Amino acid sequence: MTRPSTRTAPTGTPTGLTQDHHRGGVGESTLRPDGTLKVTGEFAYSSDMWHEDMVWGHTLRSTVAHAEIVSLDITEAVATPGVHAVLTYDDLPTEVKHYGLEIRDTPVLAHGKVRHHGEPVALVAADHPETARRAAARIRVEYRELPLVTDEASATAPGAPLVHEHRTDHYADRVPHPNILHRQPVVRGDVAAARARADVIVEGEYTFGMQDQAFLGPESGLAVPAEDGGVDLYVATQWLHADLAQMAPVLGLPEDKIRMTLAGVGGAFGGREDISMQIHACLLALRTGKPVKMVYDRFESFFGHVHRHPAKLRYEHGATKDGRLTHLTCRIVLDGGAYASSSPAVVGNAASLGAGPYVVDAVDIEALALYTNNPPCGAMRGFGAVQACFAYEAQMDKLAARLGMDPVEFRRINAMEQGSVMPTGQRVDSPAPVAELLRRVKARPLPPERQWETTEGADVRQLPGGLSNTTHGEGVVRGVGYAVGIKNVGFSEGFDDYSTARVRLEAVAGEAVAVVHTAMAEVGQGGVTVQAQIARTELGVTQVTLHPADTRVGSAGSTSASRQTYVTGGAVKNTCEAVRERVFALGRSRFGALHPAWATAKLRLEGGKVVTDGGEVLAGLAEVLGETAIDLELEYRHRPTQPLDRRTGQGDGHVQYSFAAHRAVVEVDTELGLVKVVELACAQDVGKAVNPLSVVGQIQGGTTQGLGVAVMEEIVIDPATAKVRNPSFTDYLIPTILDTPAIPVDLLELADPHAPYGLRGAGEAPTLSSTPAVLAAIRDATGLELTKAPVRPEHLTGTA
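This one's a predicted model, so the numbers in the text were calculated from it and none came from an experiment.

With that settled, consider the overall build of the protein chain. Of the regular secondary structure elements, the protein chain holds 19 helices and 32 strands. Against the compact-globule benchmark of 28 Å for 800 residues, the protein chain has a radius of gyration of 27 Å, which places it among compact chains. Along the three orthogonal principal directions, the C-alpha set of the protein chain runs to about 80 × 75 × 65 Å. For the protein chain, the share of sequence-separated contacts (at least 6 apart) that also reach a separation of at least 24 residues comes to 79%. Summed over its atoms, the accessible surface of the protein chain is roughly 29,400 Å², and 51% of this surface lies on carbon and sulfur atoms. Treating the 74 positive side-chain charges of the protein chain as one cloud and the 96 negative ones as another, the clouds have centres 2 Å apart.

Of all the positions in helix 11 (residues 407-414), only V408, F410, R411, I413 and N414 are classed as buried. In this structure, the buried side of helix 11 is in contact with strand 16 (311-319), strand 17 (325-335), helix 10 (385-403), helix 12 (434-443) and strand 21 (476-489). Two to three positions downstream of the cap, the backbone nitrogen of V408 sits 2.9 Å from a side-chain oxygen, assigning the N-cap of helix 11 to D406.

Before going further, it helps to spend a moment on a nonpolar patch on the surface. Nonpolar side chains collect at one region of the surface, where L467, I737 and L738 lie side by side and expose about 380 Å² of accessible area between them. Along the chain, the position of I737 falls in the loop between helix 17 (692-711) and strand 31 (745-748).

Okay, the environment of A629 next. Inspection of the secondary structure puts A629 in the loop between helix 16 (621-625) and strand 28 (630-637). Residues A629 and T454 lie 175 residues apart in sequence; the distance between their C-alpha atoms is 66 Å. The contacts of A629, once residues within four sequence positions are left out, are R504, L505 and E506.

One way to put it is that helix 11 packs onto helix 12 with a least axis distance of 9 Å and a crossing angle of 165°. Here helix 12 runs roughly antiparallel to helix 11, going by the angle between their axes. At the point where helix 11 passes helix 12, the crossing takes the left-handed sense. The segment helix 11 lies against helix 12, with V408, R411 and R412 engaging A435, L438 and K442. For the contact of helix 11 with helix 12, the class distribution of residues is three nonpolar, no polar and three charged.

All right, on to the side chain of K97 then. Examined against the element boundaries, K97 turns out to sit in the loop between strand 4 (83-87) and strand 5 (98-99). Buried K97, no salt bridge; nearest opposite-charge side chain is E95, N-O distance 5.1 Å.

This part takes up the pairing of strand 18 (residues 362-370). A large share of strand 18 lies buried, amounting to eight of its nine residues. One ladder, built from eight bridges, connects strand 10 (residues 180-188) with strand 18; its direction is antiparallel. Bridge pairing in strand 18 places P185 opposite E366.

Relative to the elements of secondary structure, A593 occurs in the loop between helix 14 (564-591) and helix 15 (597-600). In this structure A593 comes out as exposed when scored by relative accessible area, which is 83%. Sequence separation of A593 and A415 is 178 residues, and the distance between their C-alpha atoms is 60 Å.

All right, on to the sheet that holds strand 11 (residues 200-208) then. Ordered in space as 10-18-17-16-11-32, the six strands form an open sheet in which the pairing is mixed. Across the chains shown, the open sheet's two edge strands, defined by having one partner strand only, are strand 10 and strand 32 (788-789). Taken together, the nine bridges between strand 16 and strand 17 define a ladder with antiparallel strand orientation. Residue pairing across strands places H317 opposite L328, the latter belonging to strand 17.

Let us now look at the sheet that holds strand 15 (residues 292-295). Read from one edge of the open sheet, seven strands run 4-8-2-15-12-13-14, paired in mixed fashion. Each having just a single partner strand, strand 4 and strand 14 (258-262) make up the two edges of the open sheet. Shown here is a sheet whose adjacent strand axes are inclined to one another by a mean of 20°, direction ignored. As judged from the four bridges shared by strand 4 and strand 8 (residues 120-126), these two strands associate in the antiparallel manner. By the bridge assignment for strand 8, V83 is matched with A126. Sheet strands in contact with helix 6 (residues 240-251) are strand 13 (231-235) and strand 14, and its direction is about 150° off that of strand 14.

What follows covers the state of the cysteines. With the rule as written, the count across this model stands at zero disulfides. C389 provides the cysteine sulfur closest to C330, a residue in no disulfide bond, and the two sulfurs are 13 Å apart.

Counted according to the given criterion, the structure contains 49 salt bridges. The residue R314 makes a salt bridge to E203 at a minimum N-O spacing of 3.3 Å. Of the two residues, R314 sits in strand 16 while E203 sits in strand 11, which places them 111 residues apart along the sequence. Here R412 and E409 are joined by a salt bridge, their closest N and O atoms 2.7 Å apart. Placement of the pair is R412 and E409 together in helix 11, with a separation of three residues, close to one helical turn. Owing to a relative accessible area of 32%, E409 belongs among the partly exposed residues under this scheme.

Counting residues in each nonpolar core, the largest one holds 94 residues, and the members touching the most others are Y315, I332, F410 and V774. If sequence neighbours within four positions are ignored, V774 has contacts with A664, V666, V677, L680, L707, A710 and V711. Judged by nonpolar contacts, the second largest core, of 45 residues, contains L87, Y89, V108 and A281.

The next thing to look at is the confidence of the model for the protein chain. One rule of thumb: low pLDDT means the predicted coordinates there are not for detailed reading. Here the protein chain averages 96 in pLDDT, while 98% of its residues score no lower than 70. In this model residues 1-5 is a low-confidence stretch, pLDDT under 50, and it forms ten contacts with partners more than four residues away in sequence or in other chains.

For the structure on display, the rule yields twelve aromatic pairs. Between F302 and Y732, the ring centres sit 5.6 Å apart and the planes meet at 65°, which makes this aromatic pair edge-to-face. Of this pair, F302 sits in helix 8 (residues 298-304) while Y732 sits in the loop between helix 17 and strand 31, placing them 430 residues apart in sequence. Overall, F302 belongs to the buried group, its relative accessible area being 3%. Residue Y732 is classed as buried on the basis of its relative accessible area of 1%. Joined through ring pairs, the aromatic side chains of Y206, F208 and F390 make up one cluster. Here the basic side chain of R61 rests over the ring of Y296, its NZ or CZ set 5.2 Å away from the ring centre. Just above the ring of Y757 sits the side chain of K573; from NZ or CZ to the centre is 5.3 Å.

Relative orientation of the contacting elements helix 17 and helix 18 (residues 765-782) amounts to 45°, with a least axis distance of 7 Å. By the criterion of interaxial angle, the relationship of helix 17 to helix 18 is oblique. When the axes of helix 17 and helix 18 are compared, the crossing they make is right-handed. Facing helix 17, whose interface residues are Q698, I699, G702, T703, Q705, G706, L707, V709, A710 and V711, helix 18 presents P766, T767, S770, T771, V774, L775 and I778. Classifying every residue of the contact of helix 17 with helix 18 gives nine nonpolar, eight polar and no charged.

Attention now goes to the environment of G159. As for its position among the elements, G159 is in the loop between helix 4 (152-156) and strand 10. Residues G159 and I715, 556 residues apart in the sequence, show an inter-C-alpha distance of 29 Å.

Rules used in this analysis
Note on numbering: residues in each chain are counted from 1, in written sequence order. Where totals are concerned, whole chains, interfaces and linings use all residues; where local detail is concerned, this predicted model gives features only for residues with pLDDT of at least 70, and gives and counts side-chain atom pairs only at 80 or more. Here the side-chain values reflect all heavy atoms present in the structure, with hydrogen atoms and water set aside. A helix here means a DSSP run of H or I that spans at least four residues, while a strand means a run of E at least two residues long, and both kinds are numbered starting from the N terminus. Atoms counted for the radius of gyration: C-alpha only. Globule rule: 2.2 Å times the number of residues to the power 0.38. Residues are treated as being in contact if the distance between any of their heavy atoms lies within 4.5 Å. In short, Shrake-Rupley with a 1.4 Å probe defines the accessible areas, and a residue's cover is counted only from the protein chains shown. Positive: Lys, Arg. Negative: Asp, Glu. His and the chain ends are not part of the count. Working definition for charges: the position is that of NZ of Lys, CZ of Arg, CG of Asp or CD of Glu. Think of it in three bands: with a 1.4 Å probe and only protein chains considered, a residue is buried below 20% of the maximum accessible area for its type, exposed above 50%, and partly exposed in between. Under the rule applied, a polar contact is a pair of N or O atoms within 3.5 Å (in protein, one hydrogen donor and one hydrogen acceptor; residues adjacent in sequence only if both atoms are side-chain atoms). Two joining distances apply to patches: 9 Å for like charges and 5 Å for nonpolar side chains (Val, Leu, Ile, Met, Phe, Trp, Tyr), and every residue must have over 30% relative accessible area and no salt bridge. We count a salt bridge whenever a side-chain nitrogen from Lys or Arg sits within 4 Å of a carboxyl oxygen from Asp or Glu. Axes here refer to lines fitted to C-alpha atoms; in helices the fit is confined to the stretch in contact. Angles between the N-to-C directions go from 0 to 180 degrees. Angles are sorted into four bins: roughly parallel if under 35 degrees, roughly antiparallel if over 145, roughly perpendicular if 65 to 115, and oblique for all others. By convention the crossing between two helices is left-handed if the near helix lies anticlockwise of the far one by an angle smaller than a right angle, and right-handed if it lies clockwise. Residues are grouped as follows: Ala, Val, Leu, Ile, Met, Phe, Trp, Tyr, Cys and Pro are nonpolar; Asp, Glu, Lys and Arg are charged; every other residue, Gly included, is polar. Only strands that DSSP links by at least two bridges are regarded as paired with each other. The disulfide definition used here is simple: a pair of cysteine sulfur atoms within 2.5 Å. We define the nonpolar core as a collection of buried residues of types Ala, Val, Leu, Ile, Met, Phe, Trp, Tyr and Cys that are connected through side-chain atoms lying within 4.5 Å of one another. A residue's pLDDT is simply how confident the predictor is in it, with values from 0 to 100. Only centres within 6.5 Å qualify two rings of Phe, Tyr or Trp (six-membered ring in Trp) as a pair; their planes then separate them into stacked at under 30 degrees, edge-to-face at over 60, and tilted for everything else. In this scheme, Lys NZ or Arg CZ marks a charge over a ring once it lies within 6 Å of the ring centre and within 35 degrees of the ring normal.

Pasting the structure below:
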């Protein structure tokens, strides 16, 4: 039997959230139990954790993007006073030295060569973080730089250097070149015949920049060695069990000796789905025998996690003169960077969703991801669908203009609806209110013209450039633009996507109390309210405690793909239903002889009582439970999906689809190239708003991220060196409150019959359509084509 750790729990360890003061059930706006703590600064994030005898870990990272490691000398670092350990590749404890979400191609520490700027090379543990940094700087690494692979041309040219010399993954035989990580075509209908029927054909080439998730809480965690030879890890992550599965082989420990607990997470957006410091902290803790804390600074954070894939997209659409789409061809090239991460799944999304929420019977789509020496890319909100939406929505505006049609009317004519068939052949078997979403955003009253004019003159806060006071209204032009997008929900292409929930119901001091335990990572999405709302609805209790998320319960999967309310919510619902049936059985055995309704009536739990469907109270819930606690753990799986055919892309690849539409109103100073987004209205179908307040917040947050992509956010890579040029919030800009416009939200609740409560994953869809809506509005104001996101001032003034 494995002995648990006997060490004292670190300061800041999560203790669970009791929600007896929040009474809301499913469908009610419920305040978050962690909300006030976060606003006041009292919430304990992973970077706040502390252990009395801990040391600090630090990572030495490569200063070049592609090079052979000629020599590595740690002598001076080891001799630095206060240093407890210095580890390199040769110190790794097992033969397993790589990890990865799907393809295990990422080395724990570089060996022989480095493949991207900022790759981990060595680890240091010291008694002070500054000591650890100084010791790492004393490690002498000699590099011999190698030719760079930075784009499709350099990746696939004859004799191109191979980023990975010996590929053994299951995608290797599916691609025409070893530097192509994954490729997915989607082919349906006769494109040549459809092209011949088209009255109008438009083409476009689009460029989508690389973005950072820019979460405010940096990567951090605390690893505590245990007396049983294992380790306890408290960490900010999105997927505890995926981390565990990657860590155990590298550490040489069985999974039950690596006990993981979710610490406070300061945002994620996909950037915490991969391993960052988890293995490194545990290696140092096991080597030193001391707790090891690692906290990245902002500079290191830009190298410590994956980013959103930059993309090159080439589209051709055709339409008849009455506005019906005839065909679509497109090629989407995603830069996956040096390691695979989740790139194969991103390729699948880009290909299968590349036509957008429109009916088009003839398609020829190709999506692929490249291995390059650029920073690794993986999950970020929108996951392949964002890049495609930017391009196909620009194409819709081009077609409408060529046909002399209103852009919203053109989209409405071609809008998908329930029963429509996707390019993959999958039928949409739940509501797809694309036309209605567009109608709603267009029908909304426009904000007043020239809001910046006052009796005293221009209010510079309302003008492009804002408080920089660069314009007083000269040359400011208004524009309006529309966009709509489609996003899948949940993991796709045959992935075994499930979640687990444990629910305990017992009587405490005469009141029934529920404890819900899942491994769901709360990263800001609001799952802490959803689980309690479901428990209150299904069990009829008011007091619900959420157990801290950890690996002592079955997997909840990743907090990504807009899936947690659907899948973990489904697990909590199913488990609560099973607990409720146990309550009824217990009541029948104890009180059935006293009241025939126990055996004959339809029973429900409400307000801490067992009640018949006619409203008759049979007993108090606490009375039924007595000294008995009901404790169940069950899994929930949504309906299965299928892998896409590797040649045609046909197959029922997705669980569910989510739709959102935006209307952007912008004001542009055409002389200075400055943009002010005045309003960014959204309409979205959420199936069922389990917590309406939280859903609106998610939509507004996703919309704001899409705004950032449109006008400011981009990681800039030096093409000559493949180095990141702007790894800081000084130079990588994100929207602040001064950049964020009014974001009115119109919620539709059209139930999906296949989902718990009819809900529809809501977190990602608004990020898709907000970006192209802003670009469309800027085009409307300026008359420029604007084929790159983000738009910069020089693109608007002709100085690019």
